[in-house]
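# Tertiary structure, described
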Amino acid sequence: MSRSPSFSVKQELSLKINLESLQQWVAAFCIIRFDLEQGQLIEECYPPGYLSNEEELDVAFSSFPDSVSQNQNRSSIHDCIFFFRIQRRKSSEQGNVTSSEIIEIDDKEVSSKSMKEKVFNSRKTRNDTKCLKYLYGYVFNRQRHDERLKRGGEQKSVVILSHNPYSSVFRPLLQIMGPLYFDIGKKALEHIAAYVSMWPAPVPGKQIELPIGNALLKVSLPPAHSLPFEIGMFEESASAMAPFLPNNQSIPQGLFHDSDIFGTFRGILLQLWLLWELLLIGEPILIIGPTPPQCCEAVASLVSLVAPLPCSVDFRPYFTIHDPDFKHLNSLQEGDTFPPMILGVTNLFFLKALRNIPHIISVGSPAPNSNRVPFSSSSSSSRIPGRPEGFGLHQLSLKKFSPSKLLSAVKLRRDGPLCLMTEHKEAIWSTYVATTKPDTSILNRLIDAGMSPRVEESMSVVNNEILRRHFLELTTNFLAPFGPYFRATTPSEGSIPFTDPPPLPPFDADEFLANLSARGVGKFLLKRMKSNWLDLYKRFLKGPNFIPWFQRRRTVAEQEQHRLWRQARMKADIQLLISKMPELEIVDSFSAIERHLHGEIQMEKSGRAGADFAETCQKLKKDLQAVFNVLPKDMQQLLLMNPERAALLQVSSEPTKLPGRPSLQIGVLSSTSPR
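Below you will find a few notes about this structure. (Residues numbered from 1 in each chain as written. Predicted model: local features only at pLDDT ≥ 70, side-chain atom pairs only at ≥ 80, totals over all residues. Heavy atoms only, no water.)

In this chain, Tyr-46 is followed by Pro-47 through a cis amide linkage whose omega measures -5 degrees. For Pro-47, the position within the fold is in the loop between strand S2 (39-46) and helix H2 (53-62). With omega at 10 degrees, the peptide bond leading from Ala-307 into Pro-308 counts as cis. Residue placement: Pro-308 occurs in the loop between helix H10 (292-305) and strand S9 (314-316). Although it is not a glycine, Phe-256 sits at a positive phi angle of roughly 55 degrees. The residue Phe-256 is located in the loop between strand S7 (215-220) and helix H8 (261-264) in this model. Judged by its relative accessible area of 2%, Phe-256 is buried. (Helix = DSSP H or I, 4+ residues; strand = E, 2+ residues; numbered from the N terminus. Buried < 20%, exposed > 50% of the residue type's maximum accessible area, 1.4 Å probe, protein only.)

Listed below in structure tokens is the structure:
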């Protein structure tokens, strides 16, 4: 399988690679070979030495399918692309706590003061976690079947490692890089690294063009607010976050916005609202697919369902028995609490090893030559050939009643997920009863494209847009009642903007739930949820997604409020303000302006000053001087005894004449001036 004809390596390309620029996108490139004697081996890693020995093993074990594809051809090549997410060993050695440890809440705590303490103190935990916790691996795996080779074939994987979940970038990059490596060898790593190091820095939430050879990747990056909580390296804006629906629908609102929700869950579309709730409240889920690409797509699609809510559940798109966390999960006994995780697996051994996990989803269909028995679903007999039709309810398991179908459903429930050991079925095993009702109007808008691959692909794009828009609206409306806790205030006209802004409203879960119960949840959710909708909010408050999201939103709201008050200070007419102030308030204003000025200087020293730093400082110095000019002379001399303060006042100003007060001219003063 050769690389795309639209791609070619530029011979004049300089291979001088800027590692700092490269690692804005890619942590490392790896080539991993499956050796018959030694197992998985990393042949190449660029830049070298990036991974510890333990991490090399973790990456190597995660970069191969659990089973070799069954193909009857004498000599053939089978390629597949998937991705995994592993926990970094360095982070655990430094004692970083997991999200589930940070936000675990007892039933008794959900409405208590400790909830508020956890919300506002969790920032400290985040700041102490200086190393990124997770590493994403994007894999191009090639299995070559050849009867002349030992054991009938060989397999290798080309892996891109990154701290960023940019699947929209790394999947198309792998489609170029994978075949290129098998054409020209390890030189491909250097060439691709050279191109990537020339890319501009990633800008979350924007569409960006990335040149690679003579090709151009046009990709959209997920917004900053949707990136995993531990990344937190990008500035977030209040306007870009829930609970408000976005105006521009072309901008991604969450992770994995390009995942195929419709294609992945096509056989269980009626259960999407159940899955949305399970992820919203952070329930542990095991997803079983016949192949790594299928289980990865299912995990990615599930995470994307709750956009714009960031997913704080530990999700693993492709999880194997070699993962360091498997030992702990396998040791859990009946009655033990399973940690909030979403695990995508292909090995049916997990059905027995993780039998205590409460929710199991089976997705996808086996390859024609697989040793698993495919599950065939019947289609509607009334369908007109060649004509797309809606995915009506008669096609979504709500067909006419028949005893055989009832018996099949009872048998499926009785046998449990272990029936997958003999026959693959698309199904869900869960005792959870959803509050949200399936939206039949959305299901009826979905289009069944039939068997034509080209039409199927285009119709999937349309169907995914319909589903993604609906669940974005559903999540946004669910989060809307929290809006008042993130509402930034602005100084009222004529008020003094130099005082500290009022704090955001404090959050108390009991009070929130009582108020929500009294006023209702709104028309959108009311007609889509059962009468026990308040229970869903209670579960959400106790789940792993609430506190990280709430704390992050509060931080952004505080930053927005700081920006608004800073803007008001820049526009304030200090002469008009102090003409209306009593003497005591003038003294307080002097202290406040001085404090804000020191804050700007400290921001500049730490390298975090804005582009308007010089203009802001100049305005604050002039305002400080103006207030200083109307203070009593003995207080002026007392203030000037501080050398640092005296330096701030080395600005000449016009005389300030206020009604009922003597005019004072300060100009340049020293701390030794006579009284």
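On to the pairing of strand S5 (residues 153-162), then. Judged by how many residues are buried, S5 sits mostly within the fold: seven of 10 residues are covered. As paired elements, strand S1 (residues 28-35) and S5 share six bridges and run antiparallel to each other. Bridge pairing in S5 links Ile-31 to Val-158. In the sheet, strand S4 (residues 134-146) pairs with S5 via 10 bridges, with the strands oriented antiparallel. Residue His-145 lies in a different strand from S5, and its bridge partner there is Gly-153. (Pairing = 2+ DSSP bridges.)

With that settled, the discussion passes to helix H21 (residues 583-605). Quick reminder: α-helices carry 3.6 residues per turn. Residues three or four places apart thus point the same way. End to end, H21 covers 34 Å across 23 residues, agreeing with the expected 33 Å (1.5 Å per residue, within 8%). Buried-residue contacts for H21 involve helix H19 (546-571), helix H20 (574-578), helix H22 (613-629), helix H23 (633-640) and helix H24 (643-648). Of the residues one or two after H21, Gly-607 is the one with positive phi, at around 80 degrees. (Expected span 1.5 Å × (residues − 1). Contact = heavy atoms within 4.5 Å.)

In helix packing, the relevant descriptors are the interaxial angle and the interaxial distance, both defined with respect to the helix axes. The interhelical angle for the contact between helix H6 (residues 167-184) and helix H7 (residues 187-197), taken along N-to-C directions, is 145 degrees, at an axis separation of 8 Å. Between H6, through Leu-173, Met-177, Leu-180, Tyr-181 and Ile-184, and H7, the contact on the second element is made entirely by Lys-187, Ala-188, Leu-189, His-191, Ile-192 and Val-196. When its residues are assigned to classes, the contact of H6 with H7 shows nine nonpolar, one polar and one charged. (Axes fitted to C-alpha atoms, helices over the stretch in contact; angles between N-to-C directions. Nonpolar A, V, L, I, M, F, W, Y, C, P; charged D, E, K, R; others polar.)

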